[in-house]
Structure formats: C-alpha cells, structure tokens
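Analysis of the macromolecular model
Here is what each chain is made of, one letter per residue.
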Amino acid sequence: MFAERFRVRRNWLLGRYTVRTFEGHSQGISCVQFDEQRIVSGSSDKTIKVWDIRTNKPWSALTLAGHSATVRCLHLSGDRLVSGSADRTIKVWDLKNTGKDWSSAACRVTMIGHMHTVRCLQVDDNKVVSGSYDKTLKVWDLSSGQCCLTLRGHEEAVLCVQFNARRIVSGSADRTIKVWDLSEGFCINTLCGHHDAVTCLHFDDNRIISGSVDSDLKFWDIITGQCVETLDWIRSEGHTGVIRHLQADKWRIISAADDKTLKVWSVETGQRLLTLRCHTDGVTCLQFSDWMIVSGSYDKTVKLYDFSAC
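Presented here is a report on the structure given in the accompanying data block.

Conventions used here
- Residues numbered from 1 in each chain as written.
- Predicted model: local features only at pLDDT ≥ 70, side-chain atom pairs only at ≥ 80, totals over all residues.
- Heavy atoms only, no water.
- Core = buried A, V, L, I, M, F, W, Y, C linked by side-chain atoms within 4.5 Å.
- Buried < 20%, exposed > 50% of the residue type's maximum accessible area, 1.4 Å probe, protein only.
- Helix = DSSP H or I, 4+ residues; strand = E, 2+ residues; numbered from the N terminus.
- Contact = heavy atoms within 4.5 Å.
- Polar contact = N/O pair within 3.5 Å; in protein donor to acceptor, adjacent residues only side chain to side chain.
- Salt bridge = Lys/Arg side-chain N within 4 Å of Asp/Glu carboxyl O.
- Disulfide = S-S within 2.5 Å.
- Phe/Tyr/Trp six-rings, centres within 6.5 Å; stacked < 30°, edge-to-face > 60°.
- Lys NZ or Arg CZ within 6 Å of the ring centre and 35° of its normal.
- Pairing = 2+ DSSP bridges.
- Axes fitted to C-alpha atoms, helices over the stretch in contact; angles between N-to-C directions.

With that out of the way, let us pick up the nonpolar core. A general trend in soluble globular proteins is that nonpolar side chains are found buried together. Membership of the largest hydrophobic core comes to 15 residues, with the highest contact counts inside it found for Trp12, Ile254, Leu262, Ile293 and Phe307. Among the secondary structure elements, those contributing two or more residues to this core are helix H1 (2-14), strand E23 (252-257), strand E24 (262-266), strand E25 (272-276) and strand E26 (283-288). Among the elements that make up this core, the one with the highest residue count is E26 (three residues). What Phe307 contacts, discounting residues up to four positions off in sequence, is Val8, Asn11, Trp12, Arg16, Tyr17, Leu274, Trp291, Met292 and Ile293.

Following this line, the structure appears as structure tokens:
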C-alpha cells in the first residue's frame, strides 16, 4: 500500500495521468461530486446526471429532473444526494443501485425558505448548511427539511460555505469572509482583503484558503483573521481568470478557474506543482481524492483525471 501511494503521489508531482470525458449535459456544468462508484453533476440545463465511474461509457446512467432552474450545488454521501438550485429550493435525493444497474432515485425532501438562488451547501448526518443570493445562510434539519437557524450579516450574495463541529465559514460577493459560531449563529470574525467577490473557500482548525473573482488565492489565520499569504498571477504563476472552486487536503490545493485550467499547489510552500489544460472553456467545479480529480466546465463536459492508471 505504501509503495502504491508513493507511486501515485509521484504521478501527481510529475503530471502523469489519464483523462476520461463524460458528455450528456446540454449546458454548462456548475457542480460535481463523486465516490467510488459514480460521478454526479449538476448543470444549467436544470438536470442532475449520475455517471458510472466503473465503466468507460461516457453517457450518463441516470438523469434526475426535478429542479426548475440551474442546479448550482451538490453534496453526495453514500446513497444520499443533496442539491441546491436557482429555483430557490434544496432537494434531498435517495440514490439506489443494485448490482450493475442504477435502479431508482427519488426526491425525499424539498427544503423551501431561501428567497433567491441556493448557491452553496454542505451536509453532515443531521443538517444542511446553505448559502444564497438572498444574502443569508440557513441551517436545516436534514430529516424534516425544516429551517432551524438563519444567519444574516453579509451585504451581498453568499457564494461559498463550509462548516465543522464548531464553525461555519462563508464567502460572499461583498468581498468578505465571515466566521460564524455554528450553535448560536453569531458572527465571530469578518475577514477583509480580497478585491472582489469571494467565490470559494476551504478551512481547517488553523487556516482558511479562499479564491476570488480577483483571481487570487489567499491564506488566512482563522484565529486572528489576518491574511498570511497571497498566490497571484504575477508572483506565483497563478490563475488569470475568476477562481470558481478550490479544495485542499494536507499537502495539496487544487483550484479551478475561468482561464480553462486546474492548478495543483503545495500547501506547505505555495508552489504551483501542476497545471491541467483539458477543458475548452472555464472550469467551474472540482472534487479530488488521493487517486483522481473530477472537474466540470462551461464546455458541458465532466472530466476525470486518473493519477493511478499510469
């Protein structure tokens, strides 16, 4: 296992990977999630598609129709899928698969309460936290679909959100990042430094990493709220377009942008390790694991970059 992990990490550092493309959406991709069996994508065509990751079939295995506008955000966990849409609703879907075939998918709960597009969400076993163009964040009971808490403080649309056991962190078109107390719903700190809307973020116990319309990645001390590092185009070979999405783990950050690229960065040094140029239009979303990256784009395709196959 150690030798396999070493080989895969070396492939990441050397840029060795294979690419598979999944086509079927009629408009741009806005969000992706995946697990060991499937990729799930949401699109401006108002549908969610479920793709079988275990086969080489590029067409979707299942299409979920239920939203009446663009599907903006997804969270996949086991057979539970949660989606947020420009139709102002959040839907909880039950995905089932038996053997080789996807057998069924049903919408179990619809959450209604936001007054505008549901732009972002995250889910755990009990709750959904969502952010909206209506400038609010909401905490929902996952089983009942009832709104438990509404957080107000941003002056413009909420574009990204993440939470853990104690905190919610949100980014907004008002150019700020806010850190909230999860249990009480009050704002602990407001981080200012981006020159335009904050579109994506990731945080742990020590820091927040954020991306923006200003094309910069910023690192923040989560306790003091101070910006400690900026990765930009001039000094860091960064993105030249709006950063749409990012994800991080212990050793790498991956960002997706309107410049049609994905970039892999070292968490420790901030050095750019790899640039992926496979999409023909802006890259809107991504998710990665130790073995692969899945990305979606305005070019209507979903791509899987496999670093274990080389």
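Glancing now at the environment of Val228. One can find Val228 in strand E21 (residues 227-231). Sequence spacing of Val228 and Ser26 is 202 residues, and the spatial spacing of their C-alpha atoms is 42 Å.

What follows deals with the side chain of His194. Mapped onto the elements, His194 comes out in the loop between strand E17 (187-192) and strand E18 (198-203). Classification of His194 by relative accessible area gives buried; the value is 6%. Separated by 2.7 Å, the side chains of His194 and Ser210 make a polar contact. Side chain to side chain, His194 and Asp214 meet in a polar contact 3.0 Å long.

Let us now look at unusual backbone geometry. Not every positive phi belongs to a glycine, and Arg88 is a case in point at roughly 80 degrees. Looking at the secondary structure, you find Arg88 in the loop between strand E7 (80-85) and strand E8 (89-98). In this structure Arg88 comes out as partly exposed when scored by relative accessible area, which is 42%. Even without being a glycine, Glu237 presents a positive backbone phi close to 55 degrees. Mapped onto the elements of the fold, Glu237 is located in the loop between helix H2 (233-236) and strand E22 (243-248).

The final tally for this structure, using the stated rule, is eleven salt bridges. Salt-bridge contacts for Glu4 lead to Arg7; the nearest nitrogen and oxygen are separated by 2.8 Å. In this pair, Glu4 and Arg7 both sit in helix H1, three residues apart, roughly one turn of the helix. Judged by relative accessible area, Glu4 falls into the partly exposed class, the value being 30%. We classify Arg7 as partly exposed; its relative accessible area is 28%. For Arg54, the salt bridge identified is with Asp52, shortest N-O distance 3.2 Å.

Counted according to the given criterion, the structure contains zero disulfides. For Cys107, which is in no disulfide, the shortest distance to another cysteine sulfur is to Cys73 and amounts to 14 Å. Cysteine Cys147 shares no disulfide, and the gap to the nearest cysteine sulfur, in Cys148, comes to 6.6 Å. The exposure class assigned to Cys147 is partly exposed, which follows from its relative accessible area of 34%.

Tallied over the entire structure, the rule returns six aromatic pairs. For the pair Trp12 and Phe288, a centre-to-centre distance of 6.2 Å together with 65 degrees between the ring planes defines the contact as edge-to-face. Remark: Phe288 occurs in strand E26 and Trp12 occurs in helix H1; sequence separation between them is 276 residues. With respect to burial, Trp12 and Phe288 carry one shared label: buried. In this structure, Arg9 is placed above the aromatic ring of Trp251, and the distance from its NZ or CZ to the ring centre is 4.1 Å.

Attention shifts here to the sheet that holds strand E11 (residues 127-132). Read from one edge to the other, the open sheet built from four strands follows the order E10-E11-E12-E13, with strand pairing classed as antiparallel. Looking along the sheet, the strands with just one partner apiece sit at the ends: strand E10 (118-123) and strand E13 (147-152). Mean inter-strand twist for the sheet, computed between neighbouring axes without regard to direction, equals 20 degrees. As paired strands, E10 and E11 are joined by five bridges and run antiparallel to one another. Residue pairing across strands places Gln122 opposite Val129, the latter belonging to E11.

What follows deals with the pairing of strand E6 (residues 71-77). With respect to burial, E6 is a largely interior element, five of its seven residues being buried. From the end of E6 to the start of E7, which pair antiparallel, there are two residues, and Gly78 there has a positive phi angle of about 60 degrees.

Judged by pairing direction, the sheet is antiparallel, and its four strands sit side by side in the order E22-E23-E24-E25 without closing on themselves. Strand pairing shows two members of the sheet lacking a second neighbour, E22 and E25, which therefore form its edges. Taking each pair of neighbouring strands and ignoring which way they run, the sheet shows an average axis angle of 15 degrees. In this structure, E22 lies alongside E23, joined through five bridges in antiparallel fashion. Opposite Ala248, over in E23, you have Ile253 as the bridge partner.

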